[in-house]
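Residue strings, one per chain:
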Amino acid sequence: MVNLSYDLHIHSCLSPCGDDDMTPGNIVGMAAVTGLDVIAVTDHNSCRNCPAVMKFAQEYGVLAIPGMEINTSEEVHAVCLFPTLEAALNFDGYVYERLMKFPNREEIFGKQQICNEEDICVATEPNLLINSTDISFDRLWELTEDFGGVMFPAHVEKSANSLIANLGFVPPDSRFKTAELKDLKKLHQIRRENPYLEGCRIISNSDAHYLEHIQGPERTIPVWEKSIAAVLDYLRGR
């Protein structure tokens, strides 16, 4: 077994709330400098900066997992991670067709920048990516599995856009095996109030929108090797 330091919830400049400096190259470079073993760039309802992230990760020796933070029909945020870039981009296409289309207003919401493998912005997404999709939370586990991936609910203790805040409870027939808490000091309370989480692995990510917010190497997960497959297995509770 090896312990991998991680940050599996990072936003790039493709997310309208992401800082312009959150380019794929800058994100991976910061992860390398801080000593992270594995990262995932998970923009709102999009994987389109993942190709550049994967390219820079290979150069810097950081393991990168392609993914997105999806906004369900209930406006619950969940992180979806995939075994390959191809699977992630196929999922991206599926989700985009089901995104509520509303033009982005950069002066209000921020830019949505797509970068190439030279870390240059080559396009912008015209539709606002933080809108909800028509994909329900109870469909999401199976749907993500259909693309070879795994999902976990994001920042479950938050008062907005979280599973508990938006649904009011954790559905007892849920299938996820890992949940994300931003503030681990609330772990015992959250588990006491939501017994389903007693059987879940708990991780804590930065949800970074600025380079300086990407977390350091102090949090680790035990896996059988440094690979995407091993990390996804851990998140599946295996």
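Now for a look at the structure at hand. Fair warning: this is a prediction, and the values are worked out from it, not measured in the lab. (Residues numbered from 1 in each chain as written. Predicted model: local features only at pLDDT ≥ 70, side-chain atom pairs only at ≥ 80, totals over all residues. Heavy atoms only, no water.)

Moving on, we come to the sheet that holds strand β2 (residues 38–44). Spatial ordering of the open sheet is given by β7-β4-β3-β2-β1-β10, a layout of 6 strands whose pairing is mixed. Looking along the sheet, the strands with just one partner apiece sit at the ends: β7 (150–153) and β10 (220–223). Ignoring which end each strand starts from, the neighbouring axes of this sheet average 30° apart. For strand β3 (residues 63–71) and strand β4 (residues 77–81), the ladder comprises 5 bridges, and the chain directions are antiparallel. What sits directly across from E69, in β4, is V79. (Pairing = 2+ DSSP bridges. Helix = DSSP H or I, 4+ residues; strand = E, 2+ residues; numbered from the N terminus. Axes fitted to C-alpha atoms, helices over the stretch in contact; angles between N-to-C directions.)

Their axes nearest at 8 Å, the elements helix α1 (residues 24–34) and helix α2 (residues 50–60) cross at an angle of 35°. α1 and α2 meet at a crossing whose hand is right-handed. Contact with α1, carried on its side by P24, G25, V28, G29 and A32, involves A52, V53, F56, A57 and Y60 of α2 and no other residues of that element. Across the contact of α1 with α2, the residue classes tally to 8 nonpolar, 2 polar and no charged. (Left-handed = near helix turned anticlockwise from the far one by under 90°. Contact = heavy atoms within 4.5 Å. Nonpolar A, V, L, I, M, F, W, Y, C, P; charged D, E, K, R; others polar.)

If you walk through the whole model with that rule in mind, you get 0 disulfides. We note that C17 lacks a disulfide partner, and the nearest cysteine sulfur, in C13, lies 11 Å from it. You can see C50 has no disulfide; the closest cysteine sulfur is in C47, sitting 4.7 Å from it. (Disulfide = S-S within 2.5 Å.)

Right, let's talk about the nonpolar core for a bit. Note that soluble globular proteins tend to have their nonpolar side chains buried in a common cluster. In terms of nonpolar packing, the biggest core is built from 52 residues, with L8, L81, F176, V231 and L235 touching the most fellow members. Counting residues per element, this core draws most heavily on helix α8 (residues 228–235), which supplies 6 residues. For L8, the residues in contact, after removing those within four places along its chain, are V38, I39, A40, T42, I65, V79, L81, F152, I203, N205, V231 and L235. Ranked by size, the runner-up nonpolar core spans 16 residues in total, among them I10, M22, V28 and L36. (Core = buried A, V, L, I, M, F, W, Y, C linked by side-chain atoms within 4.5 Å. Buried < 20%, exposed > 50% of the residue type's maximum accessible area, 1.4 Å probe, protein only.)

Glancing now at α2. Buried within α2 are the following residues: C50, A52, V53, K55, F56 and A57. Structurally, α2 contributes buried residues whose contacts are with α1, β2, β3, α3 (85–97) and β5 (113–115). Two residues or fewer past α2, G61 is found with a positive phi of approximately 75°.

Quick look at the pairing of strand β6 (residues 121–124) now. In regular strands, side chains alternate between the two faces of the sheet. Where β5 meets β6, 3 bridges bridge the pair, whose relative direction is antiparallel. Directly across from I114, in β6, lies its bridge partner A123. Where β5 folds back on β6, the antiparallel hairpin that results is connected by 5 residues, among which D119 adopts a positive phi of roughly 70°.

For the rest of this paragraph, the subject is α8. The element α8 is largely enclosed, with a buried count of 7 among its 8 residues. Of all the positions in α8, only I228, A230, V231, L232, D233, Y234 and L235 are classed as buried. In the segment just after α8, G237 is the residue with positive phi, at about 85°.

As a further point, take a nonpolar patch on the surface. Taken together, the side chains of F102, I108, F109 and I130 define a hydrophobic patch exposed on the protein surface, amounting to about 340 Å² of accessible area. In this fold, I130 is placed in the loop between β6 and α5 (137–146). (Patch = residues over 30% accessible without salt bridge, like charges linked within 9 Å, V, L, I, M, F, W, Y side chains within 5 Å. Areas by Shrake-Rupley, 256 points an atom, 1.4 Å probe, with all protein chains shown as cover. Salt bridge = Lys/Arg side-chain N within 4 Å of Asp/Glu carboxyl O.)

Counting buried positions along strand β1 (residues 2–10) yields 7 of 9 residues, so the element is predominantly enclosed. For β1 and β10, the ladder comprises 4 bridges, and the chain directions are antiparallel. Along β10, the bridge assignment pairs S5 with T220. Relative to β2, β1 is paired through 3 bridges, and the arrangement is parallel.

Before going further, it helps to spend a moment on the side chain of T72. Positionally, T72 belongs in the loop between β3 and β4. Apart from the residues within four sequence positions on either side, T72 is in contact with S132, T133, I135, S136, F137 and L140.

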